[in-house]
Amino acid sequence: MSGPFRRALLAPTTLAVFLASVVPAVAGIRVTFSPRTVRPGDVSLVIVQGVDDGATLEGSVAGRPLVFFTYARVAAALAAIDFETRPGRYVWKIAVLDKQGEPRTLAGRLVVDSRRFPVERLTLPPAMVDLDGETTRRADAEQGRLREVFSAVTRERLWRGRFTVPIAAAGAGTGFGARRVINGRPRSAHAGLDYAAERGTPVVASNAGRVALVADFFFPGRLVVIDHGLGLHTAYFHLDQVTVAERDLVERGHPIGVVGSTGRATGPHLHFSAAVGGARIDPAALLRLDARD
Ligand SMILES: [Zn+2]
């Protein structure tokens, strides 16, 4: 009997959650999610053991495709739960095609627990909130461009091991998922983590990747998006200066620019965000991801 089973037996209240997220040894294949339970904005490392080298895997979680890669000689993928996902039980499916011939399909349910996000009330200059037609069109087009960049799935995994905080800031970032009320009116939720820091503070790449976008957009200001491969991207907004160019390869910890307050910002800070296959995740969940290669 494996370690996780023993733990489940010692703590019976966790058994239902455990069974919902792990299917043990179906046809010699074992699927585990780490972490096993998730909340909106979380990302989980899906490990599939017991498949042949060179097997083809396909799958999905909550309707979003999984992109598999080789990790510590097993197959793995990132399951990302967009932060606006409703709590509930979501179907996951994985199909394995290997030397056995017939495709083998595994399925189960992943529990997405509820999560409360803060409400933030902000007062901003009306010119940054009530946009004229031309500025609205510009901001919409820029939003579309960002969505396009975030949804690209390049085939090579460039990230390895743990993700690091992109800034030497005091304390954790704040405001992920906040429902924002700006000048008394509800606006879209905040899809990143804000780190307060002085203008000029260095900002570094959270993991290895390729610079996918360098731009100066209305709301994000000067920005960098890094493509870490297989659909995973991180983004860095409101920079004062950018010191990388599109298509540059960067390592984890490589300087990409410095903190500023460009775009819509009430003061100097770094806005750090992350997405997998377009699913917007909490960067804090990415920083907790237990990847060791
Ligand atoms: Zn922000």
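Bear in mind that the values here come from a model prediction, so they are computed numbers and not experimental data.

**Observations concerning the packing of aromatic side chains**
Aromatic ring pairs are reported here in terms of the distance separating the ring centres and the angle at which the planes meet.
In step 1: This model, assessed by the stated rule, comprises 9 aromatic pairs.
In step 2: Between the aromatic rings of F33 and W92, the centroid separation amounts to 5.6 Å while the plane-to-plane angle is 55 degrees, which identifies the pairing as tilted. In this pair, F33 sits in strand β2 (residues 29-34) while W92 sits in strand β8 (residues 88-97), placing the two residues 59 residues apart along the sequence. Considered together, F33 and W92 belong to a single accessibility category, that of buried residues.
In step 3: On the basis of an interplanar angle of 55 degrees and a centroid distance of 5.2 Å, the ring pair of F83 and F176 is categorised as tilted. Taken together, the positions of F83 in the loop between β7 (74-80) and β8 and F176 in the loop between α3 (133-151) and β11 (179-182) put the pair 93 residues apart, joining distant regions of the chain.

**Observations regarding the coordination of the zinc ion**
In step 1: Protein ligation of the zinc ion involves H190 (NE2), D194 (OD) and H271 (ND1), the donor distances falling in the range 2.1 Å.
In step 2: We note that the donor set of the zinc ion lies within a single chain, spaced as H-x3-D-x76-H. Taken as a pair, H190 in the loop between β12 (185-186) and β13 (193-196) and H271 in strand β20 (residues 269-276) lie far apart in primary sequence, 81 residues in all.

**A short note on the sheet that holds strand β9 (residues 104-112)**
In step 1: Overall, antiparallel pairing links the 4 strands, which are arranged β5-β4-β8-β9 in an open sheet. Pairing within the sheet leaves two strands with one partner each, and these edge strands are β5 (64-66) and β9. Strand after strand, the sheet turns through a mean of 20 degrees between neighbouring axes, direction not considered.
In step 2: As paired elements, strand β4 (residues 56-61) and β8 share 6 bridges and run antiparallel to each other. Directly across from V61, in β8, lies its bridge partner W92.

**Notes on the environment of R264**
In step 1: Tracing the backbone shows R264 in the loop between β19 (255-259) and β20.
In step 2: Among the residues examined, R264 registers a relative accessible area of 24% and is labelled partly exposed.
In step 3: With 43 residues separating them along the chain, R264 and G221 place their C-alpha atoms 6.9 Å apart.
In step 4: Ignoring sequence-local partners within four residues, the contact set of R264 consists of L124, M128, V129, I182, F218, F219 and H238.
In step 5: Within the structure, the side chain of R264 is placed 3.1 Å from the backbone oxygen of M128, a separation counted as a polar contact.

**Observations regarding unusual backbone geometry**
In step 1: Note that the residue after S34, namely P35, is joined by a cis bond; omega there is 5 degrees.
In step 2: Along the chain, the position of P35 falls in the loop between β2 and β3 (43-49).
In step 3: Positioned with a positive phi, R73 is a non-glycine residue whose angle comes to about 65 degrees.
In step 4: Structurally, R73 can be placed in the loop between β6 (69-71) and β7.
In step 5: For R73, a relative accessible area of 80% gives the class exposed.
In step 6: Residues other than glycine seldom take positive phi values, yet L230 does so here, at roughly 55 degrees.
In step 7: Secondary-structure assignment places L230 in the loop between β16 (221-229) and β17 (232-242).

**A look at the nonpolar core**
In step 1: L45, L78, W159, V224, Y236, I256 and L270 are the most contacted members of the largest nonpolar core, which has 42 residues in total.
In step 2: Setting aside anything within four residues of it in sequence, one finds I256 in contact with V203, V204, A205, V224, I226, Y236, Q241, V242, T243 and V244.
In step 3: Counting residues in hydrophobic clusters, the runner-up holds 22 residues, among them V31, I94, L106 and V112.

**Digging into the side chain of R180**
In step 1: Summarising the element assignment, R180 is placed in strand β11.
In step 2: Looking at R180, its side chain comes within polar contact range of the side chain of E120, at 3.1 Å.
In step 3: Ignoring anything within four residues of it in the chain, the contact list for R180 reads E120, L122, R185, P186, R187, S188, H190 and D194.

**Section: the pattern of salt bridges**
In step 1: Within the structure shown, the criterion is met by 16 salt bridges.
In step 2: If you follow the salt bridges from partner to partner, you end up with D82, E84 and R280 in one network.

**Structural notes on the pairing of strand β15 (residues 209-217)**
In step 1: In terms of strand pairing, β15 meets strand β18 (residues 249-250) through 2 bridges, oriented antiparallel. Residue pairing across strands places R210 opposite L249, the latter belonging to β18.
In step 2: Inspection of the sheet shows β15 paired to β16 by 7 bridges, in the antiparallel sense. Its bridge partner lying in β16, V214 is registered against V224.

Rules used in this analysis
Residues numbered from 1 in each chain as written. Predicted model: local features only at pLDDT ≥ 70, side-chain atom pairs only at ≥ 80, totals over all residues. Heavy atoms only, no water. Phe/Tyr/Trp six-rings, centres within 6.5 Å; stacked < 30°, edge-to-face > 60°. Helix = DSSP H or I, 4+ residues; strand = E, 2+ residues; numbered from the N terminus. Buried < 20%, exposed > 50% of the residue type's maximum accessible area, 1.4 Å probe, protein only. Donors = N, O, S within 2.8 Å, 3.2 Å for Na, K, Ca; no water. Pairing = 2+ DSSP bridges. Axes fitted to C-alpha atoms, helices over the stretch in contact; angles between N-to-C directions. Contact = heavy atoms within 4.5 Å. Polar contact = N/O pair within 3.5 Å; in protein donor to acceptor, adjacent residues only side chain to side chain. Core = buried A, V, L, I, M, F, W, Y, C linked by side-chain atoms within 4.5 Å. Salt bridge = Lys/Arg side-chain N within 4 Å of Asp/Glu carboxyl O.

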